[in-house]
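For reference, the chains in residue letters:
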Amino acid sequence: MSGNELVLIVDDDLSLLETTAYMVETLGYDVITAQNGLEAVEKYKEINPALVFMDVKMPIMDGFDAFFKIKDFDSDAKVVLITAYTMDEKKHLKAQSMSLLDTIEKPYDIERIEDALKKYLNS
């Protein structure tokens, strides 16, 4: 099940994860979710989603490390990081140098997610 409308959403905050997944589904996209970076990497390899929204601060493996592993696996991966915290500047610069698409700050609204979906899936 891969396709150009499949979106992977990754967050350890289950209520936020479910809310965001629901919002993205109402916009007409198929959604797969993961709750930590390790699970995100495994699901990415399995389903090859068109776009990934991934929280930075998570247990087991954070969003940066998951981003680097996904990019090692697929250099064309489209990933948007989401954070409520001040980011590790070194990791952020490294991610940007590896074609990180965007960074969205929490709290975010559906318009911010919708804009990213339109911008990065229709390009």
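The structure this text deals with has already been given above.
The paragraphs below set out a description of the structure included in this document.

Here is what the cut-offs are and how they apply
Residues numbered from 1 in each chain as written. Predicted model: local features only at pLDDT ≥ 70, side-chain atom pairs only at ≥ 80, totals over all residues. Heavy atoms only, no water. Axes fitted to C-alpha atoms, helices over the stretch in contact; angles between N-to-C directions. Helix = DSSP H or I, 4+ residues; strand = E, 2+ residues; numbered from the N terminus. Parallel < 35°, antiparallel > 145°, perpendicular 65-115°, else oblique. Left-handed = near helix turned anticlockwise from the far one by under 90°. Contact = heavy atoms within 4.5 Å. Buried < 20%, exposed > 50% of the residue type's maximum accessible area, 1.4 Å probe, protein only. Core = buried A, V, L, I, M, F, W, Y, C linked by side-chain atoms within 4.5 Å. Pairing = 2+ DSSP bridges.

**Some remarks on the packing of helix α2 (residues 37-47) against helix α3 (residues 63-73)**
Stage number 1. Two elements in contact, α2 and α3, have axes whose closest approach is 9 Å; the angle formed by their N-to-C orientations is 20 degrees. As judged from the angle between their axes, α2 and α3 are roughly parallel. Between α2 and α3 lies a crossing whose hand is right-handed. Seen from α2, the contacting residues are Gly37, Ala40, Val41, Tyr44 and Lys45; seen from α3, they are Ala66, Lys69, Ile70 and Phe73.

**Digging into the side chain of Thr20**
Stage number 1. In this fold, Thr20 is placed in helix α1 (residues 14-26).
Stage number 2. We classify Thr20 as buried; its relative accessible area is 1%.
Stage number 3. With sequence-adjacent residues up to four places away left out, Thr20 is seen in contact with Ile9 and Tyr108.

**A word on the nonpolar core**
Generally speaking, soluble globular proteins have nonpolar side chains that are buried together.
Stage number 1. In this structure, Val10, Met54 and Val79 are the most contacted members of the largest nonpolar core, which totals 25 residues.
Stage number 2. Sort the elements by how many residues they give to this core and α3 lands first, with five residues.
Stage number 3. The contacts of Val10, once residues within four sequence positions are left out, are Leu17, Ala34, Asn36, Ala40, Val52, Phe53, Met54, Asp55 and Met58.
Stage number 4. Of all hydrophobic cores here, the second largest spans 20 residues; its members include Leu17, Leu51, Leu117 and Leu121.

**Topic: unusual backbone geometry**
Stage number 1. That bond from Lys106 to Pro107 is cis: its omega, -5 degrees, falls within 30 degrees of zero.
Stage number 2. Take Pro107: it is sitting in the loop between β5 (102-105) and α5 (110-121).
Stage number 3. Unlike most non-glycine residues, Ile60 shows phi in positive territory, near 70 degrees.
Stage number 4. Inspection of the secondary structure puts Ile60 in the loop between β3 (51-55) and α3.
Stage number 5. In this structure Ile60 comes out as exposed when scored by relative accessible area, which is 70%.
Stage number 6. Phi angles above zero are rare outside glycine, and Ser99 is one such case at about 65 degrees.
Stage number 7. One can find Ser99 in the loop between α4 (89-97) and β5.
Stage number 8. Its relative accessible area of 45% is what places Ser99 among the partly exposed residues.

**Re the sheet that holds β5**
Stage number 1. Here five strands make up an open sheet; going across it, the order is β2-β1-β3-β4-β5 and the pairing parallel. Both edges of this open sheet fall to β2 (30-34) and β5, since each of them pairs with a single strand only. Averaged over all adjacent pairs, the angle separating strand axes in this sheet is 20 degrees, with direction ignored.
Stage number 2. Where strand β4 (residues 79-83) lies against β5, four bridges are found, and the strand directions are parallel. If you follow Val80 over to β5, its bridge partner there is Asp102.
Stage number 3. Across the sheet, α5 is in contact with β1 (6-10), β3, β4 and β5; its angle to β3 comes to roughly 140 degrees.

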